[in-house]
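# Structural characterization, general
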Amino acid sequence: MDETAEKVSQSFMKEFNLPREFINHEAITNAYYTYEKCESMANMIKNRVNFEPKVAIVCGSGLGDIGNLLENAVFIAYSEIPEFPRTTVLGHKGNLIFGNLSGMPVVCMQGRFHPFEGYSMALCTLPIKIFKLLGCKVVVLTNAAGGLNRSLNVGDIMLIKDHMSLPLLSLKNPLIGVNDDRFGPRFVPINKLYSKNLRDLFKECSKELNIPINEGVYGTIGGPSYETVADSKFCLASGMDCVGMSTSHEAIVAAYCGLKVLACSIITDMAPIDYDDHDPDHSEIVKIAAAKAKHLERLICSFLKKLKDNLNLLD
Ligand SMILES: O=P(O)(O)O[C@H]1O[C@H](CO)[C@@H](O)[C@H]1O
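Residues numbered from 1 in each chain as written. Predicted model: local features only at pLDDT ≥ 70, side-chain atom pairs only at ≥ 80, totals over all residues. Heavy atoms only, no water.

By the naming in an unreviewed UniProt entry, the protein chain goes by Purine nucleoside phosphorylase and is assigned to Brachionus plicatilis. According to its UniProt record, the protein chain has this under Function (unreviewed entry): "The purine nucleoside phosphorylases catalyze the phosphorolytic breakdown of the N-glycosidic bond in the beta-(deoxy)ribonucleoside molecules, with the formation of the corresponding free purine bases and pentose-1-phosphate." In the Pathway (unreviewed entry) part of its UniProt record, the protein chain is described as follows: "Purine metabolism; purine nucleoside salvage." (UniProt positions renumbered as here; feature names shortened; annotations may be inferred.)

## Let's talk about the packing of aromatic side chains
Counted according to the given criterion, the structure contains 8 aromatic pairs. Geometrically, the ring pair formed by tyrosine 32 and tyrosine 33 is edge-to-face, given 5.1 Å between the ring centres and 85° between the ring planes. Under the relative-accessibility criterion, tyrosine 32 is labelled partly exposed at 23%. Take tyrosine 33: its relative accessible area is 12%, and that puts it in the buried class. Here a set of aromatic residues connected by ring pairs shows up, and it is made of Tyr78, Phe84, Phe113 and Tyr119. Over the face of the ring belonging to phenylalanine 183 we find lysine 129, whose NZ or CZ atom lies 4.7 Å from the ring centre. (Phe/Tyr/Trp six-rings, centres within 6.5 Å; stacked < 30°, edge-to-face > 60°. Buried < 20%, exposed > 50% of the residue type's maximum accessible area, 1.4 Å probe, protein only. Lys NZ or Arg CZ within 6 Å of the ring centre and 35° of its normal.)

## Thoughts on the environment of aspartate 309
Following the sequence through the fold, aspartate 309 ends up in helix α10 (residues 282–309). You can call aspartate 309 exposed: its relative accessible area is 60%. (Helix = DSSP H or I, 4+ residues; strand = E, 2+ residues; numbered from the N terminus.)

## Thoughts on the nonpolar core
Counting residues in hydrophobic clusters, the biggest one holds 51 residues, and the most contacted among them are Ile45, Leu96 and Phe131. Setting aside residues no more than four positions away along its own chain, leucine 96 makes contact with Ile45, Val74, Phe75, Ile76, Tyr78, Ile81, Val107, Cys108, Met109 and Phe131. Core analysis: the second largest hydrophobic core is formed by 35 residues, Ile57, Cys59, Ala144 and Ile300 among them. (Core = buried A, V, L, I, M, F, W, Y, C linked by side-chain atoms within 4.5 Å. Contact = heavy atoms within 4.5 Å.)

## A look at the pattern of salt bridges
Counted according to the given criterion, the structure contains 14 salt bridges. Here lysine 37 ties to glutamate 83 by a salt bridge, and the two come within 2.6 Å at their closest N and O atoms. Here glutamate 83 lies in the loop between β2 (71–77) and β3 (95–101) and lysine 37 lies in helix α3 (residues 35–49), a separation of 46 residues in the sequence. A salt bridge links arginine 150 to aspartate 277, with the nearest nitrogen and oxygen atoms 3.5 Å apart. Pair noted here: arginine 150 is in the loop between β5 (138–147) and β6 (157–165) and aspartate 277 is in the loop between β9 (260–270) and α10, with a separation of 127 residues, a long-range link. Residue class for arginine 150 comes out partly exposed when judged on its relative accessible area of 37%. Three or more residues are tied together by salt bridges with common partners; here these are Lys196, Arg199, Asp200, Lys203 and Glu215. (Salt bridge = Lys/Arg side-chain N within 4 Å of Asp/Glu carboxyl O.)

See the structure below:
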């Protein structure tokens, strides 16, 4: 560790009274953003908006227009919330938007945080804890992803039934650190992470609107570099249908906090499985996500309407 990083770590150790061997990016973030600190951030937001959202929607790259659908919208820029991170990626604006969508009180995160931006997983998922404290029961996660499975095409919508996250498998997990039971339990089962009831509801919407969807496994890599051909082949052979750099850790923190999760990818490019394949390009990915977002928006609106009629699914 370089000298400055060592000094910063030492001062954290002192401030939070952590043992010397406790140096871990996730543990330090979790020690800093205590339940009380998160509560005071949530209270500051509540005082501003005077509105209790039941559903939180996280907008992926190029998908921020979902936030513009909310009725009677109140915007809070991330920069107005003390100690909230800032977005740094093209296609992620940086606003919380509160309002009704299909009659459901919603908070929309117009722009997310990714670990490759330099944020710990714990900081990337801080908003999920805040959503819990604001009263949300469900989180809808959206993302732009590269298709691995060649039965997917650019523009397709993939409902996530499971994930495989390479960072999470290798001890990079937002829940690392001293646990506070007020958020959730120490050990979290995630074998039913993507709610079957919510997926069934979403599939009904797809049938009724005649918007076809696929169902599959979302893979998370660390990024910001995309995949090598060998990486893509490995991911595909391991059972991933598409790949991105977000979502899985957010879903885990949501489950930890007792929130139900629905998650969807828009396939914005095909991950390279051959040396002649097209290079992924983020500005193209953002453009394609935005251009294809209309179907996803219609599905989400219809899903929220159904959810409103099936509030028992929120228990
Ligand atoms: O997952 P979202 O935020 O949609 O963004 C995806 O798009 C970026 C790569 O082009 C990565 O950040 C990847 O995770």
